[in-house]
Amino acid sequence: MNDVSVAQRRSSDVLLPPGEGGAKRRMRAVSLSRLAIHTTLVLACAVYLVPLLVMLLTSFKTPDDIRSGNLLSIPDVFTLIGWVKAWDGVGGYFWNSVKITIPAVLISTLLGALNGYVLAMWRFRGSQLFFGLLLFGCFLPFQVILLPASFTLGQLGLANTTEGLVLVHVVYGLAFTTLFFRNFYVSIPEALVRAARLDGAGFFTIFGRILLPMSVPIIMVCLIWQFTQIWNDFLFGVVFASGDTQPITVALNNLVNTSTGAKEYNVDMAAAMIAGLPTLLVYILAGKYFLRGLTAGSVKG
Amino acid sequence: MSSNAVITKASPLDVLQRWLPKLVLAPSMVIVLVGFYGYIGWTFLLSFTNSRFMPSYNFVGLQQYARLWDNDRWWVASQNLLVFGGLFIAISLIIGVFLAVLLDQRIRREGFIRTIFLYPMALSMIVTGTAWKWLLNPGLGLDKLLRDWGWEGFRFDWLVDPDRVVYCLVMAAVWQSSGFVMALFLAGLRSVDQSIIRAAQVDGASLPSIYLRIVLPSLGPVFFSALMILAHIAIKSFDLVASMTAGGPGYASDLPAMFMYAHTFTRGQMGLGAASAMLMLGAVLAILVPYLYSELRGKRHE
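Residues numbered from 1 in each chain as written. Chains lettered and ligands numbered in written order. Predicted model: local features only at pLDDT ≥ 70, side-chain atom pairs only at ≥ 80, totals over all residues.

The name that an unreviewed UniProt entry assigns to chain B is Binding-protein-dependent transport systems inner membrane component, with the source organism given as Ectopseudomonas oleovorans. What UniProt states about chain B under its Subcellular location (unreviewed entry) heading is, verbatim, "Cell membrane". (UniProt positions renumbered as here; feature names shortened; annotations may be inferred.)

Going by the annotation in an unreviewed UniProt entry, the name recorded for chain A is Probable ABC transporter permease protein yurM, with Ectopseudomonas oleovorans given as the source organism. The Subcellular location (unreviewed entry) field of the UniProt record for chain A holds the comment "Cell membrane". The Sequence similarities (unreviewed entry) comment attached to chain A in UniProt states, word for word, "Belongs to the binding-protein-dependent transport system permease family."

This is the structure we're talking about:
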């Protein structure tokens, strides 16, 4: 925190108007404040990276090593035993998450694209009202629908099934996926669609031939947004799944918060890494789209 | 061509074409009406019943809300939400804005640094909670690290201290979300007209005063968006509490979302849980309505 105030004070010297006198002194002030800015940024990066580093270091240690060393001590011997045990514990649930996430992401994105297309290009009486009603879903605290949703899943015979979780994720992801596509398509000139209609192109032809090919960026944003949301979900997983169908977040939480036996922090950390790696990987590979998804819902027009 | 001719020529296929948009939207409309609003109504209904493990429709008026009012745990959860939410929002905003301003100074490796600030946002709150639970572990975590590094008398046991455990939640949540605030503001800063800044510089204003007096005040809408998103994250926070403290020690770190889950799904107090869910919805609406109001008003002014 101290570095913060120092940097702020120093940066007051920076970027003064390039006057005539004292250019040299000013140059030194500028480079000093540049140094302060860079130092602060590097320190901040370290703070953000430490938890990840600690997780990794801990996951490669033996339990004895964890007790004798500290958070940032280098493992005496790097061992994969934590990772092996963690995979034994949560590996099956990892595949559950895959089986839930992939169909839910694809279906909700497809529905979102179609909805967005209609709401942007084929407006009819009440479609704006519907969009408003749908948007509220972005802010819905899910606690308020949990009970009726679980009754409904029970009625449909989908309680504690992967299909049930897919359904829930599709339904409550719809608000965001529709928002993404609708806002994207609104920015495309309607004349394009009108011209195609005059040429006799139908609803799906226009969508497939004209709009879809130019939708790649927003499809990426939507896929990545939905992937992180659904993979990281805990609430729906813990409420609507049990035992064999639980997603990895629930399994991780169970593993970490069971009080039986000696705590094996290396296993906990390895399991946390396993649960976090898919989204982390997606973020590293497609960070641009990830960021755009995060901001699309907030700074949208 | 007269409109008459069009109608007589309309084949079933044309009719289908005309109805297609509505047909395509129809499933989603049903989903929204039933799955969003119908279910909210259903929960609302349940909050007036004495449902326990199973839903029953024995209406008892406002009794469940009265029970919440008298429930010590609910008050702890609500107060925690105020403390947690307030600190989480304030600190995330301060750190986020500060980092955004620093990154706005033509930093060479900006993209790389941004990636580092933002990666926690890609992680599940369960992963974040697990990591921070270990970092703040009394005895083996930060506690031991600083003692090993020579600070002999250092003690850090907030995670098991009922009075301080909420601050542990704040730390983890800030780590997770402040990078997001940074990204929002950085985008906002980039949209500020550079000529205004240059003009102020020519007038001799220092950089911090330019940011504090001119640039940041012009980012009001970004502040508002960030505030609302963070508040929304705070109200919904459930995973973080579940993985870091499970509401403990005792129920010292309970939040409304945790209270709702525990009473509804493990303690067989469905009516009480429904009432608490409705109050959570009320809290979200209290934030959302002014936001939407100002958004709409802003549009009319344009």
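From this point, the discussion proceeds with the structure in view.
A. Quick look at the domain arrangement of chain A. Residues and elements named next belong to chain A. Entries for chain A in the domain assignment read domain 1 (2-59) and domain 2 (81-296). In this complex, domain 1 contributes 4 residues to the contact, which on the side of domain 2 involves 8 residues. When its residues are assigned to classes, the side of domain 1 that touches domain 2 shows 2 nonpolar, 2 polar and no charged. (Domains from an automatic or database assignment. Contact = placed C-beta atoms within 7 Å. Nonpolar A, V, L, I, M, F, W, Y, C, P; charged D, E, K, R; others polar.)

B. Representation of helix α4 (residues 81-121) of chain A in the model. The first and last C-alpha atoms of α4(A) sit 56 Å apart over 41 residues, in line with the 60 Å expected at 1.5 Å per residue. By the largest-angle criterion, A:V90 marks the main kink of α4(A), which is about 55°. (Helix = DSSP H or I, 4+ residues; strand = E, 2+ residues; numbered from the N terminus. Expected span 1.5 Å × (residues − 1). Bend = angle between axes of the 7 residues up to and from the residue.)

C. Here's a closer look at the interface of chain A and chain B. Taken residue by residue, the interface counts 74 residues in chain A and 82 residues in chain B. Top contributing element to the side of chain A that touches chain B by residue count: helix α2 (residues 23-59) of chain A, with 11 residues.

D. Main features of the confidence of the model for chain A. Residues of chain A with pLDDT of at least 70 account for 88%, and the chain-wide mean is 85. Within the model, pLDDT remains below 50 along residues 1-20 of chain A, and this stretch shows 34 contacts once partners closer than five positions in the same chain are excluded. (pLDDT = per-residue confidence, 0-100.)

E. Structural context of the UniProt feature "transmembrane region" (unreviewed entry) in chain A. Mapped onto the present numbering, the UniProt feature "transmembrane region" (unreviewed entry) falls on residues 35-57, 100-122, 129-153, 165-185, 206-227 and 269-291 of chain A. The span residues 100-122 of chain A shows a helical share of 96% and a strand share of 0%, and its end C-alpha atoms are spaced 32 Å apart.

F. Up close: the domain arrangement of chain B. Residues and elements named next belong to chain B. Each assigned domain of chain B is listed here: domain 1 (3-46) and domain 2 (70-301). Its C-alpha centre places domain 1 at a distance of 40 Å from the equivalent point of domain 2. Residues that form the side of domain 1 that touches domain 2 fall into these classes: 3 nonpolar, 1 polar and no charged.

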